[in-house]
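Reading the structure
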Amino acid sequence: MGFSEKDEALVKESWEILKQNIPHYSLRFFIIIFDIAPAAKNLFSFLRDSDEIPENNPKLKAHAVKVFKMTCEAAVQLREKGQVIVGDSTLKHLGSVHFKSGVIDPHFEVVKEALLRTVEEAVGEKWSEEMKNAWGEAYDQLAAAIQVEMKEEAAAHLTTNTA
């Protein structure tokens, strides 16, 4: 079936809505993550020593924007190329950072759930099963690409430590 123009349009349309109040939705995104998995806070170096989610933390906002934007870009790539293509250096960096931070596969599901809930909250009545599926597929493909790099980083780390 593939990722259709309609799927891409749904992601882009909702991204435009999200961008209108990105500070609010960035914060909501993290609040939802920590509601689902409170211990996840320790995975973020800029939140480890804090008892609450700092609303004015620029790193928190920047991280949320990256997740939203990369997922949106993944949607465009899925329709145009049939797969997610992230620059090798960016993908290697993401794999390395996520591996070193202790991220494991179930964490990606938590982020996906938070992403979908945040988009749903942002778009209100425009939310639909089709929009949910479009964002979900784009995110899944992006997460899979990052996970491949994490596995390569883990293998390289294992080789380095056993040599």
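Bear in mind that the values here come from a model prediction, so they are computed numbers and not experimental data.

Examining the layout of surface pockets
The space that makes up the largest pocket amounts to roughly 730 Å³. The wall of the largest pocket is formed by 29 residues, among which Phe 44, His 63, Leu 94, Val 97 and His 98 lie closest to the centre. Those elements that provide at least two residues to the lining of the largest pocket are helix H2 (22-36), helix H3 (58-81), helix H4 (88-100), helix H5 (105-123) and helix H6 (129-162). Ranked by the residues each element gives to the lining of the largest pocket, the list is headed by H3, at 6 residues. Of the residues contributing to the lining of the largest pocket, the split by class is 19 nonpolar, 7 polar and 3 charged.

Examining the environment of Ala 74
Position of Ala 74 among the secondary structure elements: in helix H3. What makes Ala 74 buried here is its relative accessible area of 0%. Dropping the residues within four chain positions of it, Ala 74 is found in contact with Val 84, Ala 138 and Leu 142.

What about the pattern of salt bridges?
Tallying each qualifying case throughout the model produces 11 salt bridges. Here Glu 73 ties to Lys 69 by a salt bridge, and the two come within 4.0 Å at their closest N and O atoms. Here Glu 73 and its partner Lys 69 are both found in helix H3, 4 residues apart, which amounts to about one turn of the helix. Residue Lys 69 is classed as partly exposed on the basis of its relative accessible area, which comes to 43%. A salt bridge links Arg 117 to Glu 113; the nearest nitrogen and oxygen atoms lie 2.9 Å apart. With a gap of 4 residues between them, Arg 117 and Glu 113 both fall in helix H5, about one helical turn apart. Judged by relative accessible area, Arg 117 falls into the partly exposed class, the value being 37%.

A look at the nonpolar core
Ranked by size, the top nonpolar core spans 53 residues in total, and within it Phe 29, Ile 33 and Trp 135 carry the most contacts. Listed by contribution, the elements that provide at least two residues to this core are helix H1 (5-19), H2, H3, H4, H5 and H6. Here this core takes 10 residues from H6, the largest share from any one element. Every residue in contact with Phe 29, bar those within four places of it in the chain, is listed here: Ala 64, Val 67, Phe 68, Val 111, Ala 114, Leu 115 and Thr 118.

Quick notes on the rules
Residues numbered from 1 in each chain as written. Predicted model: local features only at pLDDT ≥ 70, side-chain atom pairs only at ≥ 80, totals over all residues. Heavy atoms only, no water. 1 Å grid on protein atoms, 1.4 Å probe; cavity = no way out; pocket = protein on both sides within 12 Å on 5 of 7 lines; lining within 4 Å. Points joined across faces, edges and corners; volume = space filled by probe spheres on them. Helix = DSSP H or I, 4+ residues; strand = E, 2+ residues; numbered from the N terminus. Nonpolar A, V, L, I, M, F, W, Y, C, P; charged D, E, K, R; others polar. Buried < 20%, exposed > 50% of the residue type's maximum accessible area, 1.4 Å probe, protein only. Contact = heavy atoms within 4.5 Å. Salt bridge = Lys/Arg side-chain N within 4 Å of Asp/Glu carboxyl O. Core = buried A, V, L, I, M, F, W, Y, C linked by side-chain atoms within 4.5 Å.

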